[in-house]
Amino acid sequence: MQIGFNFTLNGTLEMVQRMVKERQIDYCELLIDNFFHFPVKELVDAFDCPVAFHIMFSKHLENDTEALQQFAKNVRTFIDAMNPVYVSDHLLCFSHNDRRLLHLAEIDYGEYDSVRRRVEWWQDALGTRLYLENYPSIMEGGWEAPAFYERLCKDTGAGVLFDASNAIVAKHNCGAPVDLWKDVIASTRHFHVAGYGPSFIEPNVIVDTHDRELAPDTIAFLTDMRDVFDKPGATITYERDFEIDYDSISRDLQRLHDIFPRTQEKAHDMLVTSAS
């Protein structure tokens, strides 16, 4: 298992470079749409390690074709220059009845055909296999999501960027067992994990906060299913966007290394090979 960290804002550049230098991480995942304004060469030169791309605001289920074509053109420029280990995006609702949502919402899993058509189109536009991240369900979507992703991947050739802590969040909010995701976990090589916590406005609801260390049940989930997660070429990206503290993040990265032990030099070599 290769272990990475998400790089979302320029302010954490030195910290991420230090993680690479100290071999705490094997690769860096870039929230690529945050860096479209950078000259490609500057981004290529910033990291002495393989990279992965995570897309946040393509809005590919809702955006118009012309805007998406320009977005895809930008992503492909960076793909050609940096050869990422994977390219991922989300299945999210950014609006409802033409009104923008304050919080990004889960899709209606009953709308399968329209989602499948958009994913096929978006994947073709990007020109690479697309990995789609599962949502930290608040309502009953947590029960429907695993079968939906399995069907979608089978029909489109896309993969799942399986977020382990999002599955734990769904279990807390709607009771959906994490075992429902077992076949998805077995079928994909790319994973996310982060801390979660209660919603600020509704403490009974658990949300994907990215602001604290991993919860004990997330660690237990990864540990209990370690052999299903770990496989040749597998990656797991640790996400932290708030309460950035190097020592705290290092503790979590070490927890991941304890669950997925490997030889550092061998891991780096494998990932470089996978990216090439």
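Look up a bit, the structure's there.
Computed from a predicted model, the values in this text were never measured in an experiment. (Residues numbered from 1 in each chain as written. Predicted model: local features only at pLDDT ≥ 70, side-chain atom pairs only at ≥ 80, totals over all residues. Heavy atoms only, no water.)

Participant: For this particular structure, what's the right way to read empty space enclosed by the protein?
Facilitator: Taking a probe equal in size to a water molecule and rolling it over the atoms shows the remaining empty space. For the structure shown, the criterion picks out one cavity of 30 Å³ or more. In this structure, the largest cavity encloses a volume near 50 Å³. Looking at the largest cavity, the residues that line it are Met56, Ser58, Lys59, His60, Leu61, Asp89, His90, Leu91, Leu92 and Phe94. (1 Å grid on protein atoms, 1.4 Å probe; cavity = no way out; pocket = protein on both sides within 12 Å on 5 of 7 lines; lining within 4 Å. Points joined across faces, edges and corners; volume = space filled by probe spheres on them.)

Participant: Mind showing me how you'd approach the sheet that holds strand S2 (residues 27-31) here?
Facilitator: By definition, the strands of a sheet pair up through backbone hydrogen bonds, in either a parallel or an antiparallel sense. Strand order in the closed barrel formed by eight strands is S1-S2-S3-S4-S7-S8-S9-S12, and the pairing between neighbours is parallel. Averaged over all adjacent pairs, the angle separating strand axes in this sheet is 30°, with direction ignored. Inspection of the sheet shows strand S9 (residues 190-194) paired to strand S12 (residues 235-239) by five bridges, in the parallel sense. Paired with His192 across the two strands is Thr237, which belongs to S12. On top of the sheet, helix H3 (residues 65-82) reaches S2, strand S3 (51-54) and strand S4 (87-90); it is set at about 170° to S3, its chief contact. Against the sheet, helix H4 (residues 112-126) makes contact with S4 and strand S7 (130-133), and its axis sits at roughly 130° relative to S7, the strand it touches most. (Pairing = 2+ DSSP bridges. Helix = DSSP H or I, 4+ residues; strand = E, 2+ residues; numbered from the N terminus. Axes fitted to C-alpha atoms, helices over the stretch in contact; angles between N-to-C directions. Contact = heavy atoms within 4.5 Å.)

Participant: Before we go on, may I ask you to explain the packing of aromatic side chains in this structure?
Facilitator: What characterises a pair of aromatic rings is the spacing of the ring centres plus the angle enclosed by the ring planes. Under the counting rule described, the total for this entry stands at 20 aromatic pairs. The interplanar angle of 50° and the centroid separation of 5.2 Å between the aromatic rings of Phe162 and Trp181 together place this pair among those described as tilted. Of the two residues, Phe162 is situated in strand S8 (residues 159-163) and Trp181 in the loop between helix H6 (164-174) and helix H7 (182-187); the sequence distance between them amounts to 19 residues. Residue classification places Phe162 among the buried positions, given a relative accessible area of 0%. On the accessibility criterion, Trp181 (5% relative accessible area) is buried. Each residue in the set Tyr109, Tyr112, Phe148, Tyr149, Phe162, Trp181, Phe191, Phe221 and Phe229 is aromatic and connected to the rest through ring pairs, giving one cluster. The residue whose ring lies beneath Arg18 is Tyr246, and the NZ or CZ to ring-centre distance is 3.7 Å. Above the plane of the ring of Tyr112 lies Arg151, whose end atom (NZ or CZ) is 3.7 Å from the centre. (Phe/Tyr/Trp six-rings, centres within 6.5 Å; stacked < 30°, edge-to-face > 60°. Buried < 20%, exposed > 50% of the residue type's maximum accessible area, 1.4 Å probe, protein only. Lys NZ or Arg CZ within 6 Å of the ring centre and 35° of its normal.)

Participant: Would you explain the pattern of salt bridges in this entry?
Facilitator: Where charged atoms from two side chains of opposite charge approach closely, those side chains can pair. By the definition in use, this model includes nine salt bridges. As a salt-bridge pair, Lys41 and Asp45 come within 2.6 Å of each other at their nearest N and O atoms. Highlighted residues: Lys41 and Asp45, both in helix H2 (residues 40-46), separated by four residues, approximately one helical turn. Just as Lys41 is exposed, Asp45 falls in that class too. Across the pair Arg212 and Asp211 runs a salt bridge, and its minimum N-O distance is 2.8 Å. Judged by relative accessible area, Arg212 falls into the partly exposed class, the value being 34%. One salt-bridge network, held together by shared partners, links Glu213, Arg251, Asp252 and Arg255. (Salt bridge = Lys/Arg side-chain N within 4 Å of Asp/Glu carboxyl O.)

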